[in-house]
Amino acid sequence: QLPGAPEFGFDLARLLGKSKAYGVKVMADLVAGAVGRFRGSAQLLNHAEVVKLADALAAVNATAELLGRYRVRELADRAHVWKGVDAPPDVPFARFAAEPVGVMVTPEAAVEYFLSLNPELGIDPKRYGAAQRRAAFTLASSTNEQLTARVQKAIADAIEGNTGAADATASVRRTLEAAGVSPRNPQYSEMVFRTNAMDSFQQGAYEEGTHPDVAETFPCWQYLGIDDDRAGADHRP
């Protein structure tokens, strides 16, 4: 732990909270439109809707991944100053924390922002967005399968419980709430974006930490876990 190193969780939550809310709304809007025409077969979202969901995932994941990379670079700069290693006197410690940040709705917007903070991040800006979109499309396709199953179950439960209604709008609302993708119950959609964002943040931090520019600054890493019943048996060791 470097003297004066900030608690990164607050900044992470602040930036990714906005991004997650954006992604949750995109998913809710897409699913709401799809449920109205869904007849219980095939996939819930069509190809165009999967692409839109993938775009939202790519934007959120890119923001998280680049934040992980930026944090490692900031820690490296702090370590150089702390140890007396030659470093510029105006290292922008916690520059991100001091700036108001809006939602970055594309990977390219995230690249532009974080490279403005630190142009040394170990990415290829020309290929980064396309790579994020390819990975996000796979995630969106898998999410579509899960959404389809959730909506099918919600519809089946409604029929079994005889809770159908002539009001189509009310029926769609109940289905979305049961599936966990409505504004009143966004449990599933929040889980999707939160989990993928955290995975991206950790991956970005790890990859940047192994970059030749800073690898010697981080000869070892310490992983901290919650050692209680929330930790899975495979994660605890």
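Criteria and cut-off values
Residues numbered from 1 in each chain as written. Predicted model: local features only at pLDDT ≥ 70, side-chain atom pairs only at ≥ 80, totals over all residues. Heavy atoms only, no water. Helix = DSSP H or I, 4+ residues; strand = E, 2+ residues; numbered from the N terminus. Buried < 20%, exposed > 50% of the residue type's maximum accessible area, 1.4 Å probe, protein only. Contact = heavy atoms within 4.5 Å. Areas by Shrake-Rupley, 256 points an atom, 1.4 Å probe, with all protein chains shown as cover. Axes fitted to C-alpha atoms, helices over the stretch in contact; angles between N-to-C directions. Parallel < 35°, antiparallel > 145°, perpendicular 65-115°, else oblique. Left-handed = near helix turned anticlockwise from the far one by under 90°. Nonpolar A, V, L, I, M, F, W, Y, C, P; charged D, E, K, R; others polar. Patch = residues over 30% accessible without salt bridge, like charges linked within 9 Å, V, L, I, M, F, W, Y side chains within 5 Å. Salt bridge = Lys/Arg side-chain N within 4 Å of Asp/Glu carboxyl O. Phe/Tyr/Trp six-rings, centres within 6.5 Å; stacked < 30°, edge-to-face > 60°.

Visitor: An account of the overall build of the protein is needed here, citing residue identities and associated values.
Guide: The helix and strand inventory of the protein stands at 7 helices and 0 strands. Taken from N to C terminus, the helices and strands of the protein fall in the order α-α-α-α-α-α-α. When the 237 residues of the protein are sorted by exposure, 41% land in the buried category. Counting only contacts in the protein whose residues sit at least 6 apart along the sequence, the fraction spanning at least 24 positions is 73%. As presented, the protein carries roughly 13,500 Å² of accessible surface, and 55% of it is formed by carbon and sulfur atoms.

Visitor: Mind laying out the packing of helix α4 (residues 107-117) against helix α5 (residues 125-160), listing which residues take part and the relevant values?
Guide: Packed helix pairs are characterised by how far apart their axes lie and by the angle those axes make with each other. Relative to each other, α4 and α5 sit at 140 degrees, their axes nearing to 9 Å. In terms of orientation, α4 lies oblique with respect to α5. Note that α4 runs across α5; the crossing there is right-handed. Seen from α4, the contacting residues are P107, E108, V111 and L115; seen from α5, they are P125, Y128, G129, Q132 and R133.

Visitor: So what about the packing of α5 against helix α7 (residues 187-209)? Which residues, and what values?
Guide: Here α5 crosses α7 at 160 degrees, and the two axes come no closer than 12 Å. The angle between the axes of α5 and α7 places the two elements in the roughly antiparallel class. Seen along the crossing, α5 lies across α7 with a hand that is right-handed. When α5 is examined against α7, the residues L139, T143, Q146, L147 and R150 are found in contact with a partner set consisting of Y188, V192 and N196. Taken together, the residues of the contact of α5 with α7 sort by class into 4 nonpolar, 3 polar and 1 charged.

Visitor: Mind laying out the environment of L121, listing which residues take part and the relevant values?
Guide: As for its position among the elements, L121 is in the loop between α4 and α5. When the C-alpha positions of L121 and H211 are compared, they lie 9.1 Å apart, and in sequence the two are 90 residues distant. Excluding anything up to four places from it in sequence, L121 contacts L66, R69, Y70, R73, F114, L115 and E208.

Visitor: Which residues make up a nonpolar patch on the surface, and what values do they have?
Guide: A cluster of nonpolar side chains, Y206, W221 and Y223, forms an exposed patch at the surface whose accessible area comes to about 410 Å². Among the secondary structure elements, W221 is positioned in the segment after α7. What makes W221 partly exposed here is its relative accessible area of 38%.

Visitor: Explain the packing of aromatic side chains residue by residue, including any values.
Guide: Any pair of aromatic rings gets described here by the distance separating the centres and the angle formed by the planes. This structure, assessed with the given rule, holds 2 aromatic pairs. Geometrically, the ring pair formed by Y70 and F114 is tilted, given 6.2 Å between the ring centres and 50 degrees between the ring planes. With Y70 in helix α2 (residues 47-82) and F114 in helix α4, this pair connects stretches of sequence that are 44 residues apart. Owing to a relative accessible area of 2%, Y70 belongs among the buried residues under this scheme. What links up through ring pairs into an aromatic cluster is the set Y70, Y113 and F114.

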